[in-house]
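# Coordinate inspection notes
Each chain, written out:
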Amino acid sequence: MYYEKVLLNTKKQLVEYQNLLEAAGLKYEEKKYKLGVYLNKELVGGISFEENCILQLVVREEFKGKGISNILISEVIKYAFTINIFHLFVYTKPDNEKQFNDLGFHTIIKVDNVVFLENKRNGIVDYCKELESKKVAGEKIGSLVMNLNPITLGHKYLIDKALERCDHVHIFVVKENKSVFEYEDRYRLLKEVVKDYEDVTVHNGSEYIISTATFPTYFIKSEECISDAYAKLDTNIFGKYISKALNINYRYVGTEPYCKTTNVYNKNLKEELPKYGVVVEEISRIEIESNTISASKVRELIKKGEVEESYKFLPNATKEFLKTEKGKATIKKIEGSGIRRH
């Protein structure tokens, strides 16, 4: 039999791929790279790839065991290497786990009907060893995971409240550059805001905490894209690996009145992290002049040209940044963009 490998781009091809996924109980999600395998002009298997993630692998039931999965996976790996992406992650159903293991992928975690793997033998283990070097003694060790787009007085309040309740607080900054404020600026501004805090450790973001790999739909502010499975995966990775590396036993989140994606995430944190000995506590957001402080509110004001009005929600570090050349460029970016909640 001659199998034809085809990049799926036409409307007809995408509908065929979507139908194949739905027949297998999988949800279609739009990705940049989609590959199909055809036999006699009939789609018998498909796979997607975006950023550094392989997902949506599907093969028609009657063609399983005929090497189609291997063709699809091998082609995607080959494509990734040609664009200099070498650390790969995979979302797949448990049925495909052994096949990926045989192709050099190592299981990170299994949650419900999803397996998450990477092609580095000790990827997450090595990352946790790095974290262990920053372990701090204490009875109550807290944690915060923040995007900070940009950092506001609300974020500072959340940090202060966590510190009141804990001996030490670890803060992880979301590393993905999918926010208006770039990662290097968000990280630097946080460091500036907490520079006088003795019991805070600021960590660089990683691919193992709210990233395109662990929680891709976090960066797509659409109700149709909210994924409980992705939120649960990210949460369990934090519980199984990261919290253990740093002896974290508390995780703090702010109340979320706007974003359904964050609400789904917070719900999973509350349900999953206690299984790993991590207590999740929600802290009410603060208000200024009857306005709840949020990064999205700041961006909305900037977009309307009310930059100085936004200052009342911001720490000095953020205000000073907005006055710099890079800050002015960020303001222009916001003025020309749609508003996203994070």
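### A look at the state of the cysteines
Using the criterion set out here, one finds zero disulfides in the structure. Note on Cys166: no disulfide assigned, nearest cysteine sulfur contributed by Cys128 at a separation of 20 Å.

### A look at the confidence of the model for the protein chain
For the protein chain, the mean per-residue pLDDT works out to 89, and 92% of the residues sit at or above 70. Counting interchain partners and residues more than four positions distant, the pLDDT-below-50 stretch residues 217-226 has 30 contacts.

### Observations regarding the pattern of salt bridges
The full count for this structure, using the stated rule, is 25 salt bridges. Residue Lys34 is joined to Glu30 by a salt bridge in which the shortest nitrogen-to-oxygen separation is 2.8 Å. Looking at Lys34, the relative accessible area reads 5%, which means it is buried. For Glu182, the salt bridge identified is with Lys326, shortest N-O distance 3.1 Å. Of this pair, Glu182 sits in the loop between strand 9 (168-173) and helix 6 (183-193) while Lys326 sits in helix 12 (residues 325-335), placing them 144 residues apart in sequence. Assessed through its relative accessible area of 29%, Lys326 is described here as partly exposed.

### Looking at the nonpolar core
Leu144, Ile159, Ile171, Leu190, Val194, Val200 and Leu322 are the most contacted members of the largest nonpolar core, which has 39 residues in total. At five residues, the largest contribution of residues to this core is made by helix 6. Excluding residues within four positions of it along the chain, Leu190 makes contact with Leu148, Ile151, Ile159, Ile171, Val173 and Val202. Judged by nonpolar contacts, the second largest core, of 38 residues, contains Val111, Phe116, Tyr127 and Ile248.

### Some points on the packing of helix 9 (residues 295-303) against helix 12
Here helix 9 crosses helix 12 at 85 degrees, and the two axes come no closer than 8 Å. If you check the angle between helix 9 and helix 12, you find them roughly perpendicular. Along its contact with helix 9, which presents Arg299, Ile302 and Lys303, the element helix 12 presents Ile331, Ile334 and Glu335. Counted by class, the contact of helix 9 with helix 12 contains three nonpolar, no polar and three charged residues.

### With respect to the environment of Gly154
Residue position: Gly154 is located in helix 5 (residues 153-165). Separated by 161 residues in the primary sequence, Gly154 and Pro315 place their C-alpha atoms 9.3 Å from one another. Other than its neighbours up to four places away in sequence, Gly154 contacts Ile286 and Ile293.

### Here's the deal with helix 2 (residues 68-82)
Since there are 3.6 residues in each turn of an α-helix, residues three or four apart along the chain are aligned in direction. Between its first and last C-alpha, helix 2 extends 21 Å over 15 residues, near the 21 Å set by a 1.5 Å rise per residue. Turning to helix 2, its buried residues number three or more, namely Ile68, Ser69, Leu72, Ile73, Glu75, Val76, Ile77 and Ala80. Looking at the buried residues of helix 2, the elements they touch are strand 1 (4-7), strand 2 (33-39), strand 3 (42-50), strand 4 (53-59) and helix 3 (97-102).

### Quick word on the layout of surface pockets
Unoccupied space between atoms shows up once a probe the size of one water molecule is rolled over them. Quantified by volume, the largest pocket comes out at close to 450 Å³. If you trace the largest pocket, you find 20 residues lining it, with Leu26, Lys27, Val114, Ala229 and Tyr230 closest to the centre. Secondary-structure elements contributing two or more residues to the lining of the largest pocket are strand 4, strand 5 (89-92) and helix 7 (228-246). In terms of residue count, helix 7 provides more of the lining of the largest pocket than any other element does, four residues in total. Roughly 380 Å³ of internal volume is contained in the second largest pocket. Together, 21 residues line the second largest pocket, and Val58, Val59, Lys64, Ser69 and Asn96 are the ones closest to its centre. Those elements giving two or more residues to the lining of the second largest pocket turn out to be helix 1 (11-23), strand 4 and helix 2. When its residues are assigned to classes, the lining of the second largest pocket shows nine nonpolar, six polar and six charged.

### A closer look at the sheet that holds strand 3
Pairing between the strands of a sheet is mediated by backbone hydrogen bonds and can be parallel or antiparallel. On the basis of which strands lie adjacent, the open sheet formed by seven strands has the order 1-2-3-4-5-7-6 and mixed pairing. Each edge of the sheet is formed by a strand with only one pairing partner; in this case those strands are strand 1 and strand 6 (106-111). Neighbour-to-neighbour, the strand axes of this sheet turn through a mean angle of 20 degrees, independent of strand direction. As paired elements, strand 4 and strand 5 share two bridges and run parallel to each other. The residue of strand 5 that forms the bridge with Ile54 is Val90. Sitting on the sheet, helix 7 is in contact with strand 4, strand 5, strand 6 and strand 7 (114-118), with an inclination near 115 degrees to strand 6.

### Brief notes about the packing of helix 4 (residues 123-132) against helix 7
Contact geometry of helix 4 with helix 7 gives a least axis separation of 7 Å together with a crossing angle of 35 degrees. Crossing angle aside, the handedness with which helix 4 passes helix 7 is right-handed. The residues of helix 7 that touch helix 4, namely those facing Ile124, Tyr127, Cys128, Leu131 and Glu132, are Ile237, Tyr241, Ile242, Ala245 and Leu246. Residues that form the contact of helix 4 with helix 7 fall into these classes: nine nonpolar, no polar and one charged.

Each value, and the rule that gives it
- Residues numbered from 1 in each chain as written.
- Predicted model: local features only at pLDDT ≥ 70, side-chain atom pairs only at ≥ 80, totals over all residues.
- Heavy atoms only, no water.
- Disulfide = S-S within 2.5 Å.
- pLDDT = per-residue confidence, 0-100.
- Contact = heavy atoms within 4.5 Å.
- Salt bridge = Lys/Arg side-chain N within 4 Å of Asp/Glu carboxyl O.
- Buried < 20%, exposed > 50% of the residue type's maximum accessible area, 1.4 Å probe, protein only.
- Helix = DSSP H or I, 4+ residues; strand = E, 2+ residues; numbered from the N terminus.
- Core = buried A, V, L, I, M, F, W, Y, C linked by side-chain atoms within 4.5 Å.
- Axes fitted to C-alpha atoms, helices over the stretch in contact; angles between N-to-C directions.
- Parallel < 35°, antiparallel > 145°, perpendicular 65-115°, else oblique.
- Nonpolar A, V, L, I, M, F, W, Y, C, P; charged D, E, K, R; others polar.
- Expected span 1.5 Å × (residues − 1).
- 1 Å grid on protein atoms, 1.4 Å probe; cavity = no way out; pocket = protein on both sides within 12 Å on 5 of 7 lines; lining within 4 Å.
- Points joined across faces, edges and corners; volume = space filled by probe spheres on them.
- Pairing = 2+ DSSP bridges.
- Left-handed = near helix turned anticlockwise from the far one by under 90°.

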